[in-house]
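# Notes for the structure review
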Amino acid sequence: MSLSTPPDDPTRSGAGVLESRLIDIDREKFAREVWGQTALLTRGVGDFSDLFSADAVDELISRRGLRTPFLRVAKEGTTFPDSSFTAPAGVGATISDQLDDTALWRKFADGATLVLQALHRTWEPIAEFNARLSTELGHPVQANAYITPPQNRGFDDHYDVHDVFVLQIEGTKRWIIHEPVLPDPLRDQVWTDRRAAVADAAKGEAYIDTVLEPGDVLYLPRGWLHAAQAQGEVSIHLTLGIHSWTRYALAEQLAQAALALLRDDPEMRRTLPLGVDGPAGEVGVVRKRLAAAVAEADSAPLFHRTRRGQGRPAPLGPLAQLAAVQGLGPESVVRLRGALDARLEGSRLSTRVGWLDFPETDLPSVERLLDSGTHTVLDLGSELVERLLGAGVLVPAEQ
């Protein structure tokens, strides 16, 4: 299968992947009326075979040497232990938990669902798609594929703590959706803590009860209950998990930034009075200084550092990079490496591959570089380009 974007992909003409491939309403309406609020079913958006397929499943399981946790196996709500579908890698390897394709075939034939996890790390078409979608949404995106035998299901009614887009790739699957028992759950507010409430809600009238066919897309905000069962043939669907930033997460980071300021406050480091009986007499002082620190704190650097840590930069080929360094000349063309989340903060360039400080004379060139597009060595300066190629921040334009 081709790993490149198909020639007729509308994203090549400037359209975002959200509007061109996942929804049939405009982005503004989706943001205003759907995002984080309600489920949305979109029929016949398009062909997803360029992203994933049955052939891709077989290749990943049997030829790529994947290890856990890149795969889970489940049947009727029970997840199998990793040891039941992994085996040693054989002569010349010390890996003991590679996927065992024979064991997986037997479980699949017996009705188990195979869940290929983190496909944005193992399958290039999905990695490229995810990177674009994450940039558009401003939230990290992961990708899992669910491969379910006919008339089987892998998981009971449950909810996720992240939004999802479900893309039906092959076969058909019946989805039953119910409204949340806990709207907008945080990352640690998992459904297993509310099993009884989830089970009761799942007995009620469904919000959506439908069969997804190839090309259909279902959007579910976090917290929405769902269960799915394959119909008369093998079902393959791709789930894009959107790990949404929340106001609570921003509050956590603001609190961390404020506490960092209080570490430098001599009054806050002072020992409580001798023999103090409880904190009542000190809380007022602490509350006042904490409120002042919150008002003063700048949580933006922490936010951007955390967000950078939640993604990976675009692939970098060591041999191609070395060839670029060795063949560097005034007319050589370079560009910023993809998905770096690069930001110039003063004289420091912060990226997903680390940070670099620059002298004042280099800052105009760095700013031009961040404006996007390609640049020649002559435009940026050979010493700067060599440094950024060596750091993995720049790559050859053709890479």
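Conventions used here
- Throughout, residues of each chain are indexed from 1 in the direction in which the sequence is written.
- With pLDDT at 70 or above as the cut-off, local features in this predicted model cover only qualifying residues; side-chain atom pairs require 80 or more to be listed or tallied, and sums for whole chains, interfaces and linings still use all residues.
- Water and hydrogen atoms were dropped before computing side-chain values, which therefore reflect all heavy atoms in the structure.
- Runs of H or I in DSSP of at least four residues are treated as helices and runs of E of at least two as strands, each being numbered from the N terminus.
- Relative accessibility thresholds used throughout: buried, under 20% of the residue-type maximum; exposed, over 50%; partly exposed, between the two (1.4 Å probe, protein chains only).
- A contact between two residues is defined here by any heavy atoms of the two lying within 4.5 Å.
- Note that accessible areas follow from Shrake-Rupley with a 1.4 Å probe, and for residues the cover is restricted to the protein chains shown.
- For the purpose of counting charges, residues Lys and Arg are taken to be positive, whereas Asp and Glu are taken to be negative. His and the chain ends are not included.
- By convention, charge coordinates are those of NZ in Lys, CZ in Arg, CG in Asp, or CD in Glu.
- Any two strands are treated as partners once DSSP identifies two or more bridges connecting them.
- Think of each axis as a best-fit line through the C-alpha atoms, taken over the contacting stretch in the case of a helix, with angles from 0 to 180 degrees between the N-to-C directions.
- In this scheme, roughly parallel covers angles under 35 degrees and roughly antiparallel covers those over 145, while 65 to 115 is roughly perpendicular and the rest are oblique.
- Here is the rule for handedness: rotate from the far helix to the near one, and if that takes an anticlockwise turn smaller than a right angle the crossing is left-handed, while a clockwise turn gives right-handed.
- Here the nonpolar group is Ala, Val, Leu, Ile, Met, Phe, Trp, Tyr, Cys and Pro; Asp, Glu, Lys and Arg are the charged ones; every other residue, Gly included, is treated as polar.
- Residues enter patches when their relative accessible area tops 30% and they take part in no salt bridge; the joining distance is 9 Å for like charges and 5 Å for the nonpolar side chains Val, Leu, Ile, Met, Phe, Trp and Tyr.
- Salt bridges are counted wherever a side-chain nitrogen of Lys or Arg sits within 4 Å of a carboxyl oxygen of Asp or Glu.

Here we take up the overall build of the protein. The helix and strand tally for the protein stands at 15 helices and 19 strands. If one aligns the C-alpha atoms of the protein with their principal axes, the spans along those axes are about 70 × 65 × 55 Å. Residues counted as buried form 41% of the 399 residues belonging to the protein. Of the contacts made within the protein by residues no fewer than 6 positions apart, 79% connect residues no fewer than 24 positions apart. For the protein, the accessible area works out to roughly 21000 Å², and carbon and sulfur atoms hold 51% of it. On the protein, the mean spot of the 41 positive side-chain charges and the mean spot of the 56 negative ones are 5 Å from each other.

Strand 7 (residues 141-148) sits mainly inside the fold: eight of its eight residues count as buried. Side chains Val141, Ala143, Ala145 and Ile147 of strand 7 all project onto a buried face; the interleaved residues Gln142, Asn144, Tyr146 and Thr148 project onto the opposite face, where all are buried too. Where strand 6 (residues 113-116) lies against strand 7, three bridges are found, and the strand directions are antiparallel. Opposite leucine 114, over in strand 7, you have isoleucine 147 as the bridge partner. Here strand 7 runs beside strand 13 (residues 235-242); their pairing, made up of eight bridges, is antiparallel. What sits directly across from threonine 148, in strand 13, is serine 235.

The subject of this paragraph is the packing of helix 8 (residues 247-262) against helix 10 (residues 280-296). Between helix 8 and helix 10, whose axes approach to 8 Å, the crossing angle comes to 115°. In terms of orientation, helix 8 lies roughly perpendicular with respect to helix 10. For helix 8 against helix 10, the interelement crossing comes out right-handed. For the pair helix 8 and helix 10, the contacting residues are Leu254, Ala258, Leu261 and Leu262 in the first and Arg289, Leu290, Ala293, Val294 and Glu296 in the second. Classifying every residue of the contact of helix 8 with helix 10 by side-chain character gives seven nonpolar, no polar and two charged.

Before going further, it helps to spend a moment on a nonpolar patch on the surface. The grouping of Leu259, Val286, Leu290 and Val294 at the surface amounts to a nonpolar patch, some 280 Å² of accessible area in total. Ranked by the residues each element gives to the nonpolar patch, the list is headed by helix 10, at three residues. Mapped onto the secondary structure, leucine 290 falls in helix 10.

Positionally, lysine 173 belongs in strand 9 (residues 173-178). Separated by 55 residues in the primary sequence, lysine 173 and alanine 228 have C-alpha atoms spaced 6.4 Å apart. Those residues in contact with lysine 173, other than ones at most four positions away along the chain, are Tyr146, Thr148, Gln168, Thr210, Val211, Leu212, Ala228, Gln229, Ala230, Gln231, Ser235 and His237.

If you trace the three strands from one edge of the open sheet to the other, you get 10-9-12, paired in antiparallel fashion. Each edge of the open sheet carries a strand with a single partner, namely strand 10 (208-212) and strand 12 (225-230). Averaged over all pairs of adjacent strands, the angle between strand axes in this sheet comes to 15°, irrespective of strand direction. As paired elements, strand 9 and strand 12 share six bridges and run antiparallel to each other. Looking at strand 12, one finds that tryptophan 175 is bridged to alanine 228.

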